Amino acid sequence: MAPFKNCRWIMIKDSLKQVIEQAIKKAYPEIQASVQLEKPSNPQFGDFATNAALVLSKGVKKNPRDVAQAILQNLSDKEGIIESFSIAGPGFLNFKIKPAKWIEALGEVSSQGERFGKTDAHKGEKVVVELVSANPTGPLHIGNARGGPLGDAIASLLESVGYEVVREYYVNDVGGQIDKLGLSVLYCLGRAVDKNDIGYQGEYVKELSQSVLNDLGEQNIPPDLTEAAGMVGPVGVELMMQDIRKDCEAMAIRFDSWVHEKDFLEKGTTQKIIEELKKKKVTVEKEGALWFVPQDEFLEDRECVLVKSDGRPTYFANDIAYHADKYRRGFHRLVNIWGANHHGHVPRVQAAMKALGYDPEKLQTVLYQYVRVVRGKETVKMSKRAGDFVTAREVLDEVGKDPLRFFLLMRAPESHLDFDLELAKKHSAENPVYYVQYAHARISSIFAKAAEAGIKPPAVYDAKYVGCLNLSEEVALAQLMVDFPFVVELAAEKLDPHRIAYYLLDLARAFQHYYDRARGDDRYRVITEDKARTEAKLFFVGCFRQVMRNGLALLGISAPERM
RNA sequence: GCCCCUGUAGCUCAGUGGAUAGAGCGUCGCCCUCCGAAGGCGAAUGCGGGUGUUCGAUUCACCCCAGGGGCGCCA
């Protein structure tokens, strides 16, 4: 399974690899070696480097530099792809590829278009990505919101490598928290609720209580407090979910599936799972409760409650039922996007899946760290609406969808994130999302200018472009562009969307440098009197725009024509 | 007490065991008759500490220090 075997630049790499491997064979017929090619950290070293000589030196008992020399002496580059080579440092072999080869590789960008960067490596495999799943007892806060763009982008990355992806929201609509929400609402409606029973506060509870009142009608709310809470709680949940759904939509997070915790209880699924666990003899009754007691690498000897002493199953029990259900729905892979506060929950669920006979390796959880909202140097803690946390909606309204997504996606999930409202709002180069979008807008304006002049941009690659695209910046940009599929592959493998964000920043920067050279040097201008060259340059910047769009699309960020 | 995450430039963060560790912001100095200056060029500053594995460690393992989060009947 070589996902990019048809890419021209992969052919460059494979050819080079073969040339080197053959040289090694000639120099050391007794040695079996497979060559690893990598991108040197410093471009001065060339386009590809290999540590083959360092690896081989032990086996052939010669110093690495001599081994490198022997390899080079046996090199035979029949296809003529190598421009130059050298030995460096302790014995690295560096190779420079003929520049024209990189420009040729751009043909792949234009021919694949929107698909450039995608593969079908995992075609036929289904994956469910659980994301957000915020409790419906309050508005979505910025911490939960990190899981939105993150999960969405991870889902897109998985789609890029061929998975069929379901984006799923798990609604925690049962348990003590719902009663608490009900009581909190009733308190706002002036009912005699004990202050200790009020779990939720803030403006939103007041708003919510009014909505609940409008929905139900005062006369329909029973006088008995417990009964009333039982009625009001679920109505509150439904209203909160409407809110959360709207917030997600505004962040361009779409879900294919909504699963309700309540269903596992009401349909008896949880009960059945508990019975199964009992049969597997991984439970014990103790202190009036039922405990899960597996002996495995996940939990060792820790115990967790499945059924509370009051007879109600715990969240954990429902979650086992939910995850077992995911396996039963035939997913090849399960990815959960959870806040770091759930870290203790991860081994529990994995242990339970193992106990039930499901492969725990198929379940993978991305834990993201919390978000701190800052305004310049000052930490923002309070929210008008929610009281003690900043809501996603407030940030969204203040900075907009694209900056929100980019800022949440630009950091590695495990890194603690400072969200700077001031920076995110800036319409200037200080703001990375504007910087990237600006590069796209600039290219678009070149195309607009070409259209005005009646020039039609070429749709496909033509071999004659090579002669018009020989500036060193053009070769460097071409290399960066054809690297995109590998960035996507790596980001998908590691479930790390921030790699795409960083790639886009690199790409934008490289382009801005290139673009700015045209200010004082006509060789860098796209549209000139020279028709053949104009066509080649339009092809070139068209490729650039395509890669940029594909990257932005993965992150769910718009690619504006003008700003 | 135990578990998870983090510690890299003044600040916010990248960095698949390899060569001289990178960006952005901030600071200082330059550049608009020009396909968009929402831009570009140049300068300065660094892997929390210690052991170990390795030819080679910012990267892996262990310990220590610091910050954040979590820890059997909340979800």
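It should be emphasised that the depicted structure is a prediction, and the values quoted were computed from it without experimental measurement. Positions within a chain are numbered from 1, following the residues in the order the chain's sequence is written. The lettering of chains begins at A and the numbering of ligands begins at 1, in the order of writing. Totals for whole chains, interfaces and linings use every residue, but because this is a predicted model, local features are given only for residues with pLDDT of at least 70 and side-chain atom pairs only at 80 or more, for both listing and counting. To obtain the side-chain values, all non-hydrogen atoms of the structure were included, while hydrogens and water were left out.

S.K.: Lay out the sheet that holds strand 15 (residues 417-420) with the relevant residues and their values.
M.R.: Two strands pair under a simple rule: DSSP has to find at least two bridges between them. Segments assigned H or I by DSSP are reported as helices when at least four residues long, segments assigned E as strands when at least two residues long, and all are numbered from the N terminus. One open sheet accounts for three strands, arranged 14-13-15; its pairing is mixed. The open sheet has two edge strands with one neighbour each: strand 14 (378-380) and strand 15. Each adjacent strand pair in this sheet contributes to an overall mean axis angle of 45 degrees, direction not counted. The pairing of strand 13 (residues 371-375) with strand 14 spans three bridges and is antiparallel. In the strand pairing of strand 14, Arg375 is matched with Glu378. Every axis corresponds to a line fitted to the C-alpha atoms, with the helix fit spanning only the stretch in contact, and the corresponding angles, defined between N-to-C directions, vary from 0 to 180 degrees.

S.K.: How would you sum up the packing of helix 6 (residues 142-160) against helix 19 (residues 484-494)? Please name residues and give values.
M.R.: For the pair helix 6 and helix 19, interaxial distance at closest approach is 9 Å and the crossing angle is 120 degrees. Between helix 6 and helix 19, the angle is such that the two are oblique. Here helix 6 and helix 19 pass one another in a crossing that is left-handed. On helix 19, the residues that touch Leu157, Leu158 and Ser160 of helix 6 are Val488, Ala491 and Ala492. Classification used: nonpolar for Ala, Val, Leu, Ile, Met, Phe, Trp, Tyr, Cys and Pro, charged for Asp, Glu, Lys and Arg, polar for all others including Gly. Of the residues contributing to the contact of helix 6 with helix 19, the split by class is five nonpolar, one polar and no charged. Each angle gets one of four labels, with under 35 degrees taken as roughly parallel, over 145 as roughly antiparallel, 65 to 115 as roughly perpendicular, and the rest as oblique. For a crossing to be left-handed, the near helix must be turned anticlockwise from the far one by less than a right angle; the clockwise case is right-handed. The contact definition used throughout considers only heavy atoms, calling two residues in contact when any of these lie within 4.5 Å.

S.K.: Please give an account of empty space enclosed by the protein that cites residues and values.
M.R.: Here a cavity is any set of points on a 1 Å grid over the protein atoms alone where a 1.4 Å probe fits but cannot get out, and a pocket is any open set with protein on both sides within 12 Å along at least 5 of 7 lines; a residue lines the site when it has an atom within 4 Å of a point. Grid points are joined across faces, edges and corners, and a volume is the space filled by probe spheres set on the points. Summed over all chains, the structure comprises one cavity of 30 Å³ or more. Computed from the structure, the largest cavity encloses a volume of approximately 40 Å³. Mapped by element, the contributors of at least two residues to the lining of the largest cavity are helix 19 and helix 21 (531-555). Here the residues of the lining of the largest cavity are counted per class, giving four nonpolar, three polar and two charged.

S.K.: Report on the pattern of salt bridges, specifying residues and quantitative values.
M.R.: Only one rule defines a salt bridge in this text: a Lys or Arg side-chain nitrogen within 4 Å of an Asp or Glu carboxyl oxygen. Tallying each qualifying case throughout the model produces 29 salt bridges. A salt bridge links Lys326 to Glu130, with the nearest nitrogen and oxygen atoms 3.1 Å apart. Remark: Glu130 occurs in strand 5 (residues 126-130) and Lys326 occurs in helix 12 (residues 315-328); sequence separation between them is 196 residues. With respect to burial, Lys326 and Glu130 carry one shared label: buried. Each of Asp152, Glu159, Arg167 and Arg405 takes part in a single network of salt bridges with overlapping partners. For every residue, the accessible area (1.4 Å probe, protein chains only) is compared with the maximum for its type, and the residue is labelled buried under 20%, exposed over 50%, or partly exposed between those bounds.

S.K.: Explain the sheet that holds strand 9 (residues 289-292) to me, and be specific about the residues and the numbers.
M.R.: Taken in spatial order, the three strands of this open sheet run 8-9-10, and their pairing is antiparallel. Two strands lie at the open edges of the sheet, namely strand 8 (283-286) and strand 10 (304-307), each paired on one side alone. Between one strand and the next, the sheet's axes are offset by a mean angle of 40 degrees, whatever the strand orientation. Two elements, strand 8 and strand 9, share four bridges in a ladder whose sense is antiparallel. Within strand 9, the residue paired with Glu285 across the bridge is Leu290.

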